[in-house]
Amino acid sequence: MPEKWEYQLRFKLSPELAEVARGDVNDGRFKPIAEVLARHKASAISQFDAFANYVAQAEQHGVDEYPLYQWTKATIENPEKKAKHSTAFAVYVGGDEVYDEARANALERDLRPLVEAGLLLALTKHDTNPANNPQPPAHLI
């Protein structure tokens, strides 16, 4: 029987709109995105903020329990990667980082018009299949 993967949607915003989204999701400039997310009981977090939260949690609870700590810390300390990851957002549904394909497809269908309107610069769907996901460099794990 084939594996059932879970999914995550991600979108990219302009640096200006990303700054708004990272500061106040109730700002009117983010409203069209926020409305779609709310209909799906979803939220979005910049990948940079998610990475920074992971590092902070690891440092609070002991980095030995966080296998991606070194890689993630190196990422958030790199100015080029900070700029890149500050404009990329992961969509959580009901607080979950990954969710079933039906939810991902419904959310993607509702977000797609925002790409066509130019509000989202990109929209991608990712699965949890390890073969489709980059692995950290060996020296950073």
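Check the entry above for the structure.
The shown structure was predicted, so the numbers you read here are calculated from the model rather than taken from an experiment.

A look at the overall build of the protein chain
Each helix and strand counted, the protein chain has six helices and four strands in total. In sequence order, the protein chain lays out its α and β elements as β-α-α-β-α-α-α-β-α-β. The C-alpha atoms of the protein chain give 16 Å as radius of gyration, which agrees with the globular expectation for 141 residues (14 Å, within 12%). Seen through its principal axes, the protein chain has C-alpha atoms that stretch 45 × 40 × 25 Å. Looking at the protein chain as a whole, 33% of its 141 residues qualify as buried.

Quick word on the pattern of salt bridges
In the structure shown here, the tally under the stated rule is seven salt bridges. Across the salt bridge formed by Glu-77 and Lys-73, the nearest N and O atoms sit 3.0 Å from each other. Of this pair, Glu-77 and Lys-73 both sit in helix H4 (residues 69-77), separated by four residues, roughly a single helical turn. Here Glu-77 falls in the exposed class, since its relative accessible area comes to 54%. Close ionic contact of Glu-108 with Arg-112 constitutes a salt bridge, the shortest N to O distance being 3.1 Å. Here Glu-108 pairs with Arg-112, and both are found in helix H6 (residues 101-116), just four residues apart, close to one helical turn.

Details of the packing of helix H2 (residues 31-39) against H6
At a minimum axis distance of 10 Å, the contact between H2 and H6 shows a crossing angle of 170 degrees. Judged on the interaxial angle alone, H6 and H2 are roughly antiparallel. Note on element contacts: H6 touches H2 through Leu-107, Asp-110, Leu-111 and Leu-114, opposite Pro-32, Ile-33, Val-36, Leu-37 and Arg-39. Class assignment of the residues belonging to the contact of H2 with H6 gives a composition of seven nonpolar, no polar and two charged.

Digging into the packing of aromatic side chains
A full pass over the atoms with the stated rule returns two aromatic pairs. Ring centres of Phe-11 and Phe-89 lie 5.5 Å apart, and the angle between their planes is 10 degrees; on these two criteria the pair is classed as stacked. Residue Phe-11 is located in strand E1 (residues 7-12), and its partner Phe-89 is located in strand E3 (residues 88-93); the two are separated by 78 residues in the primary sequence. Ring geometry for Tyr-54 against Tyr-66: centres 5.4 Å apart, planes inclined by 80 degrees, an arrangement best described as edge-to-face. Here the residue Tyr-54 occupies a position in helix H3 (residues 47-61), and Tyr-66 occupies one in the loop between H3 and H4, the gap between them amounting to twelve residues. Taking the relative accessible area as the measure of exposure, Tyr-54 reaches 22% and is therefore partly exposed. Among the residues examined, Tyr-66 registers a relative accessible area of 14% and is labelled buried. Of note, Lys-125 hangs over the ring of Tyr-7, and the distance from its end group to the ring centre comes to 5.7 Å.

Some remarks on the environment of Leu-114
With respect to the secondary-structure elements, Leu-114 resides in helix H6. With sequence-adjacent residues up to four places away left out, Leu-114 is seen in contact with Pro-32, Ile-33, Val-36, Leu-119 and Leu-120.

Parameters at a glance
Residues numbered from 1 in each chain as written. Predicted model: local features only at pLDDT ≥ 70, side-chain atom pairs only at ≥ 80, totals over all residues. Heavy atoms only, no water. Helix = DSSP H or I, 4+ residues; strand = E, 2+ residues; numbered from the N terminus. Rg over C-alpha atoms; globule rule 2.2 N^0.38 Å. Buried < 20%, exposed > 50% of the residue type's maximum accessible area, 1.4 Å probe, protein only. Salt bridge = Lys/Arg side-chain N within 4 Å of Asp/Glu carboxyl O. Axes fitted to C-alpha atoms, helices over the stretch in contact; angles between N-to-C directions. Parallel < 35°, antiparallel > 145°, perpendicular 65-115°, else oblique. Contact = heavy atoms within 4.5 Å. Nonpolar A, V, L, I, M, F, W, Y, C, P; charged D, E, K, R; others polar. Phe/Tyr/Trp six-rings, centres within 6.5 Å; stacked < 30°, edge-to-face > 60°. Lys NZ or Arg CZ within 6 Å of the ring centre and 35° of its normal.

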